[in-house]
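Here is how the chains run, residue by residue.
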Amino acid sequence: MPLTCRGRVRGQEPSRGDVDDALGKFSLTLIDSLDTLVVLNKTKEFEDAVRKVLRDVNLDNDVVVSVFETNIRVLGGLLGGHSLAIMLKEKGEYMQWYNDELLQMAKQLGYKLLPAFNTTSGLPYPRINLKFGIRKPEARTGTETDTCTACAGTLILEFAALSRFTGATIFEEYARKALDFLWEKRQRSSNLVGVTINIHTGDWVRKDSGVGAGIDSYYEYLLKAYVLLGDDSFLERFNTHYDAIMRYISQPPLLLDVHIHKPMLNARTWMDALLAFFPGLQVLKGDIRPAIETHEMLYQVIKKHNFLPEAFTTDFRVHWAQHPLRPEFAESTYFLYKATGDPYYLEVGKTLIENLNKYARVPCGFAAMKDVRTGSHEDRMDSFFLAEMFKYLYLLFADKEDIIFDIEDYIFTTEAHLLPLWLSTTNQSISKKNITSEYTELDDSNFDWTCPNTQILFPNDPLYAQSIREPLKNVVDKSCPRGIIRVEESFRSGAKPPLRARDFMATNPEHLEILKKMGVSLIHLKDGRVQLVQHAIQAASSIDAEDGLRFMQEMIELSSQQQKEQQLPPRAVQIVSHPFFGRVVLTAGPAQFGLDLSKHKETRGFVASSKPYNGCSELTNPEAVMGKIALIQRGQCMFAEKARNIQNAGAIGGIVIDDNEGSSSDTAPLFQMAGDGKDTDDIKIPMLFLFSKEGSIILDAIREYEEVEVLLSDKAKDRAILKGKMIPSYIINSNPEMENEEQSSPENDSQNQSDEQVSSSSQEVDLVDQESSEESSLNSHPESLSPADTDNVASISPSEQTSDPTENHETTNLNGECTDLDNQLQEQSETEEDSNPNVSWGKKVQPIDSILADWNEDIEAFEMMEKDEL
């Protein structure tokens, strides 16, 4: 937890739901980063870390953990540590005392995971109790029926390696059985798999298919299992799936989810960040062109937002704004550089490092981004950041002599743990029965390559990759919503639609007649709302029914867009005084009144608590808040009344802190503070809202340092600008004294994503006017429509957005005109200097005295926080 400067321990912090399933009180970060230390040539630190694991880590804890996360992070971490421990021992300098202790721990953990496979299908339960296993009353798990495809299909590397290392064949047998079952359950006509599957019946629960969350590492492990184990059946399966992916999911440079039964129908209009691994897998496959295309598209998104949002739309707008410092894009960058030798990918890596140091570096580590648009932080640094991000960025820039072993002798797991390739010829007691049925040769010359010569596959010419990237250079900034183009093209024979949603007027008799012809009924509700319902069977003809369907789709999107425009984006509170210097950024809720920080210059000042603290009456300490930013507590009166009282006392801004102890933007959606129903034009100061956890960071800082200065803005500002001089850039370094023991978030968040489907036989739209209230929800995760009853009615309310299309017809998410591209271009220009790979490293030269002064300042800050036991 890099903001509060302590490790995250299961049960000692408020639950984050499924995200915490990676925590098992087994020193997750310590184990997950073992082999990273060796890659970074920190052999002494590695030896010390192994001793800590053997001395302190207990695997027999009464805690329910994710089978998937525990396998890739802990079992993989122990095996990767063991692999490099025996390598170092053979070299004769380090680890001479080592006697397979990590391997014995891995074997113990493997046996603890085996009860999860006690299902009729052989697919594992998604969770298991480390102490009590499955189904026992004290286990508190074993009732689940579904798991994600990646969760069941990302076991073979670790389990097979464990079998090959120990000679205990049971682990590889169980992992192979799970993979065999998934292969048999693929959709035979499309050769695609769904996102989630019933572990007892084998029925697909979520029938959308892509290469991102929920499926990603299943494909990765099919190809890598062939590489590590040499079993041709894994390559045949991968090639079959890959042909389907390139046929249906790949829409260069995009990778869009489709329905497994109707693969020509897109299942959603957005992409998640986990698919960023796929270009790296394509390099391993040998398909370089689409890898370059998709990677370049992702890089353009990163240059726009500094980081890759958790999800973004097909027209490259933010869909989910978080970024938990995921390493997949860095992974693909490393593999593309290895394949092409193109120095462009070194520039990409430089951009990643600069952005990490500039926007994510905090005194106790690197903090995840709560919102890439504002630059606000989240109090988490997941173990995969040290396990993968450090590894791939170091290897990207490392020369061969910088690494003390030959990296080509190992294969990376999905968590970037290293397994030696010599395992392929060790303890081969598993029969290689090829159960790949109905396999037919596909029209793909890549299938002939099993051990490709890289000089042949990848032309040793940087212009080769550049020629592929060039057409995509401005794809993000010049993109308009694709959906509009598709719908316009789909109108029959280019004919103009009889009525567009944006032109519709409920009082126009001619419009009502057109609606009737299209099978659309208009209903006036008692509360003043107007409701539209379409029944295709009531349309005058099938063509009119199609027109009605398009009209309803446009109306749904128009309604959703209007609701979005009424919401304000989150704001940022940045602590800029010593010893923070802008490194801590807190997510803040905006107000519908007062100074608009998106249109005016940010407000900077020292903070002071108001008296009374609730701010509901005239302040008794106006001299304390004069010229400062007042802190006030939520409750007992309207937000606007609080704002007027602190403004009258001379405050230049206000921060309202939630009175609900323990509330946090990590677990609750942000909301915007509404007015009091009266004219609020008299309020001229900016007002922001902080939840209790974020507010306590400021209050704790006041108690510690007395004077605390903050910046209220629409997004976090560059620290160099805040200080008026350069902040020293932190070099990525694995410092054992700053190691957060346990932190996590499943890399595969698919089980938390809702199944978005809406049926087509009828649709309904409510056109609603939002009413003012003291608080209106500003949800950071857009909600989606859920399936309705037998009549399949989809309704829209102010807190909802349109969902994805479904099975009976092809629908498209219409994103409206390109109204915000000017703003996007403006934002791009603001970050151009930092993100442009052509900017010289030497541009930010400063005198040595200034550099030393900066470093002394930071050293002093760290010394002052020793009491926090960093």
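Higher on the page you've got the structure.
Conventions and cut-offs
- Residue numbers run consecutively from 1 along every chain, following the written order of its sequence.
- Per-residue local features of the predicted model are confined to residues with pLDDT of at least 70, and side-chain atom pairs are confined, for both listing and counting, to 80 or more; whole-chain, interface and lining totals are unaffected and use all residues.
- Hydrogens and water are ignored here; the side-chain numbers use all heavy atoms of the structure.
- Disulfides are defined as pairs of cysteine sulfur atoms found within 2.5 Å of each other.
- Runs of E in the DSSP output that reach at least two residues are strands. Runs of H or I that reach at least four are helices, and both are numbered from the N terminus.
- For the exposure calls, accessible area comes from a 1.4 Å probe over protein chains only, and a residue counts as buried if that area is under 20% of its type's maximum, exposed if over 50%, partly exposed in between.
- Here, any two strands with at least 2 DSSP bridges between them count as paired.
- All axes are obtained by fitting lines to C-alpha atoms, using only the stretch in contact for helices, and the reported angles, taken between N-to-C directions, cover 0 to 180 degrees.
- Contacts are assigned to residue pairs with any non-hydrogen atoms lying within 4.5 Å of each other.

### What about the state of the cysteines?
Reasoning step 1: Summed over all chains, the structure comprises three disulfides.
Reasoning step 2: Across the disulfide from Cys-616 sits Cys-637; the S-S distance is 2.1 Å. Disulfide Cys-616-Cys-637: the torsion about the S-S bond is -85°, which places it as left-handed. With Cys-616 in the loop between β23 (603–609) and α21 (622–625) and Cys-637 in the loop between β24 (629–633) and α22 (639–648), this residue pair connects regions lying 21 residues apart in the sequence.

### Some points on the pairing of strand β21 (residues 571–575)
When a strand is regular, its side chains alternate between the sheet's two faces.
Reasoning step 1: The buried fraction of β21 amounts to five of the five residues, a majority that puts the element mostly inside the structure.
Reasoning step 2: On β21, burial covers both faces: Arg-571, Val-573 and Ile-575 on one face and Ala-572 and Gln-574 on the other are all buried.
Reasoning step 3: Two strands pair when backbone bridges link them, and β21 and strand β22 (residues 584–588) are joined in this way by five bridges, in the antiparallel orientation. Along β22, the bridge assignment pairs Arg-571 with Ala-588.
Reasoning step 4: Both β21 and strand β28 (residues 709–713) contribute to a ladder of four bridges, which runs antiparallel. Residue pairing across strands places Gln-574 opposite Leu-711, the latter belonging to β28.

### A closer look at the sheet that holds β28
Reasoning step 1: Across the sheet, which stays open at both edges, the seven strands sit in the order β22-β21-β28-β23-β24-β25-β27 with mixed pairing between neighbours. Every other strand in the sheet has two partners, leaving β22 and β27 (687–690) as the edge strands with one partner each. Within the sheet, the average angular offset between the axes of one strand and its neighbour, ignoring direction, is 35°.
Reasoning step 2: The pairing of strand β25 (residues 653–657) with β27 spans four bridges and is classified as parallel. Looking across to β27, one finds that Ile-655 is bridged to Leu-688.
Reasoning step 3: Packing against the sheet, α22 makes contact with β24, β25 and β27, and its axis sits at approximately 140° to β24.

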